[in-house]
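Spelled out, the chains give:
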Amino acid sequence: HNHISDWKHVQKLKHVRTFNVTDNGLKRIPDEFQGSLPHLSELNISGNKLETFPCLYWDDIKSLDVSKNKVESISAEALKTATSLETVNIKCNEVSSLPESLGQLTSLKELCLDYNKLQRLPCSGEEEEEEEEENVDAECETKTVDKKKKKKHECWAKLKCLQTLKVAYNKLKSIPGKIARARALTHLDASGNLLETIPGCLGRLPNLRELRFQQNKLIRIPKDLFRAGNKIRVLHLNNNQLTTLPT
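Everything numeric in this text was worked out from a predicted model, so none of it was measured. (Residues numbered from 1 in each chain as written. Predicted model: local features only at pLDDT ≥ 70, side-chain atom pairs only at ≥ 80, totals over all residues. Heavy atoms only, no water.)

Chemist: An account of the overall build of the protein is requested, with residue identities and associated values reported.
Modeler: Looking only at helices and strands, the protein has four helices and nine strands in total. Along the protein, from the amino end to the carboxyl end, the secondary structure elements read β-β-β-α-β-β-α-α-α-β-β-β-β. Here the analysis covers contacts within the protein between residues at least 6 apart in sequence; of these, 44% occur between residues at least 24 apart. Surface accessibility of the protein: about 13,200 Å² in total, with carbon and sulfur atoms responsible for 45%. (Helix = DSSP H or I, 4+ residues; strand = E, 2+ residues; numbered from the N terminus. Contact = heavy atoms within 4.5 Å. Areas by Shrake-Rupley, 256 points an atom, 1.4 Å probe, with all protein chains shown as cover.)

In structure tokens form, the structure reads like this:
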């Protein structure tokens, strides 16, 4: 634990690529960081007192750790400064929703949001509830009915590099089928939520290897999840309310 309040000398750290300022009582990234650390690639500001996702000052930063803070919101403005990020850890905060503008993080490979207060993911909610149940799988395809719907669902399609998504131990009641448009996804952990079912179109993801849905309220598993040709190797369904698996 530190209590650094004077950051003016950080401007001298011109060659630092990894900077760790954990457990320092920070409520925001110090103003002195702007224009400093020109080669910064990894920033760890976990264990502080940030209440919002920070705006970043570096064009080429690849990794950000803001876990164990008090982050409640993630603004579209902040995400505009984070488009180069490949790994983001927001574990153990108080985030209740994600903006549709999450799709701006086109380089993102891993996103960890375990132990937050998430109630929905982008493309969840009214626009999906209005769809006919028999059309859910069809909507998982890349086709769209009109431009208005396409705009709503493009968030996950833009995350072309996303491989790992962790949203365990939140308050999610559904996983949007549109998540299957993140075609590079290999690992999805949504354990410890309030899910009663999961979208069958996940079985269509060409690279999906691991699904974790333990400790939910699952009452059924869609048969499409087990479609021929899927590459799922790890599947956790323990501690749910299942009575059978699809044939």
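Still more ground to cover, so stick around.
Chemist: Give me the lowdown on the pattern of salt bridges, citing residues and values where you can.
Modeler: For the structure shown, the criterion picks out five salt bridges. Put simply, Glu100 and Arg120 hold a salt bridge, and the shortest N to O gap is 3.8 Å. Of this pair, Glu100 sits in the loop between strand S4 (87-89) and strand S5 (110-112) while Arg120 is found in the loop between S5 and helix H2 (126-129), placing the two residues 20 residues apart along the sequence. Taking relative accessible area as the criterion, Arg120 reaches 27% and is therefore assigned partly exposed. The salt bridge partner of Lys166 is Glu110, with a shortest N-O separation of 4.0 Å. Residue Lys166 is found in strand S6 (residues 164-166), and its partner Glu110 is found in strand S5; the two are separated by 56 residues along the sequence. (Salt bridge = Lys/Arg side-chain N within 4 Å of Asp/Glu carboxyl O. Buried < 20%, exposed > 50% of the residue type's maximum accessible area, 1.4 Å probe, protein only.)

Chemist: Explain the nonpolar core residue by residue, including any values.
Modeler: Soluble globular proteins tend to bury their nonpolar side chains together. In terms of nonpolar packing, the biggest core is built from 62 residues, with Leu43, Phe53 and Phe213 touching the most fellow members. For Leu43, the contacting residues outside a window of four places in its chain are Phe19, Val21, Ile29, Trp58, Ile61, Ser63, Leu64 and Asp65. (Core = buried A, V, L, I, M, F, W, Y, C linked by side-chain atoms within 4.5 Å.)

Chemist: Help me get a handle on the side chain of Ser46, residues and values and all.
Modeler: Along the chain, the position of Ser46 falls in the loop between strand S2 (42-44) and strand S3 (63-65). Residue Ser46 is classed as buried on the basis of its relative accessible area, which comes to 11%. For Ser46, the side chain forms a polar contact with the side chain of Asn44, separated by 2.8 Å. Leaving out residues up to four positions away in the same chain, Ser46 has contacts with Thr22, Asp23, Asp65, Val66, Ser67, Lys68 and Asn69. (Polar contact = N/O pair within 3.5 Å; in protein donor to acceptor, adjacent residues only side chain to side chain.)

Chemist: Can you explain the packing of aromatic side chains? Please cite residues and give values.
Modeler: Overall, the coordinates contain five aromatic pairs when judged by the stated rule. Aromatic side chains Trp7 and Phe33 sit 5.3 Å apart centroid to centroid with 80° between the ring planes, which places their arrangement in the edge-to-face category. Taken as a pair, Trp7 in the segment before strand S1 (18-20) and Phe33 in the loop between S1 and S2 lie far apart in primary sequence, 26 residues in all. By relative accessible area, Trp7 is classed as buried at 8%. Classification of Phe33 as buried rests on a relative accessible area of 1%. (Phe/Tyr/Trp six-rings, centres within 6.5 Å; stacked < 30°, edge-to-face > 60°.)

Chemist: Can you explain unusual backbone geometry? Please cite residues and give values.
Modeler: If you check the backbone angles, Tyr115 has positive phi at about 55° while not being a glycine. Following the sequence through the fold, Tyr115 ends up in the loop between S5 and H2. On the basis of relative accessibility, which here comes to 43%, the residue Tyr115 falls in the partly exposed class. Even without being glycine, Gln215 reaches a positive phi, approximately 60°.

Chemist: Hey, could you go over the environment of Lys173 for me, with residue numbers and the actual values?
Modeler: Within the secondary structure, Lys173 sits in the loop between S6 and strand S7 (187-189). The exposure class assigned to Lys173 is exposed, which follows from its relative accessible area of 63%. Separated by 23 residues in sequence, Lys173 and Glu196 place their C-alpha atoms 7.1 Å apart. Ignoring anything within four residues of it in the chain, the contact list for Lys173 reads Gln119, Leu194, Leu195 and Glu196.

Chemist: Tell me about the sheet that holds S1, residues and numbers included.
Modeler: In space, the nine strands of this open sheet follow the order S1-S2-S3-S4-S5-S6-S7-S8-S9, with parallel pairing throughout. Here the strands that pair on one side only, and so sit at the sheet edges, are S1 and strand S9 (234-236). Each strand of the sheet is rotated relative to its neighbour by a mean of 5°, with strand direction disregarded. Relative to S9, strand S8 (residues 210-212) runs parallel, the two being bridged by three bridges. Directly across from Leu211, in S9, lies its bridge partner Leu235. (Pairing = 2+ DSSP bridges. Axes fitted to C-alpha atoms, helices over the stretch in contact; angles between N-to-C directions.)

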